[in-house]
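# Topology and contacts: notes
The lines below spell out each chain.
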Amino acid sequence: MEKQALAIMKPQIKRIEHYPEMADRLQMHVHETEQQIERLDTILNDMLEKHSGIKDMMLSMGGSMAALSHAVAGDEILKDAFANYAFEHYEIAAYISLTGLCDATGAQNAVSLLEQNLNEERSMASWIEEHIVPTTLRFIDLSAAEETAKR
Ligand SMILES: [Fe+2]
């Protein structure tokens, strides 16, 4: 799931030079996501020795959200923002599920690592939410400027 998140975010950063704030936040979340993958690796290695059922479940949490990534169209910035918002919530749900499972089975170290990932996903989701309207307005501005330039 997190590797899929990287595959969705990284190409977007290259395409959104007119939205530097969004590009910066995505870049920051790419960095967070790389650290999340390290935390998950730590947990998985730990699980190898102990709870093998949880490990299978974690591996099955792959995001099948690739269809949400968009390209090319003029309003891709908005579609990307909507898709990213949806994807962050998919990740939030997955981490809530895994955290609950690990908590129920007494895997406390995994719980605290998963909670770090969960908090980062929540913070990314609320950042996107706050920026949906400003991004929409900026998109309309840029589109209007482009129309004027054509005349
Ligand atoms: Fe994320």
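Higher on the page you've got the structure.
Values in this document were obtained by computation on a predicted structure and should not be read as measured data. (Residues numbered from 1 in each chain as written. Predicted model: local features only at pLDDT ≥ 70, side-chain atom pairs only at ≥ 80, totals over all residues. Heavy atoms only, no water.)

### So, the nonpolar core
- Counting residues in hydrophobic clusters, the biggest one holds 38 residues, and the most contacted among them are M22 and L114.
- Within the residue set of this core, elements represented by two or more residues are helix 1 (2–15), helix 2 (20–49), helix 4 (76–104) and helix 5 (108–150).
- Take this core: its biggest share by element is 10 residues, from helix 5.
- In this structure L114 touches L40, I43, M58, Y95, L98, T99 and C102, once residues within four positions along its chain are discounted. (Core = buried A, V, L, I, M, F, W, Y, C linked by side-chain atoms within 4.5 Å. Buried < 20%, exposed > 50% of the residue type's maximum accessible area, 1.4 Å probe, protein only. Helix = DSSP H or I, 4+ residues; strand = E, 2+ residues; numbered from the N terminus. Contact = heavy atoms within 4.5 Å.)

### Some words on the coordination of the iron ion
- At 2.0 to 2.3 Å from the iron ion lie its protein donor atoms, namely H29 (NE2), E88 (OE), E91 (OE) and E121 (OE).
- Considering all four donor atoms around the iron ion, angles at the metal cover 74 to 167 degrees and the coordination shape is irregular.
- Along the chain, the residues that donate to the iron ion are spaced as H-x58-E-x2-E-x29-E. Within this pair, whereas E88 is found in helix 4, its partner E121 is found in helix 5, the two being separated by 33 residues in sequence.
- Taking relative accessible area as the criterion, E88 reaches 2% and is therefore assigned buried. (Donors = N, O, S within 2.8 Å, 3.2 Å for Na, K, Ca; no water. Tetrahedral: all angles 85-135°; square planar, octahedral: opposite > 155°, others 65-115°.)

By themselves these figures say nothing about function.
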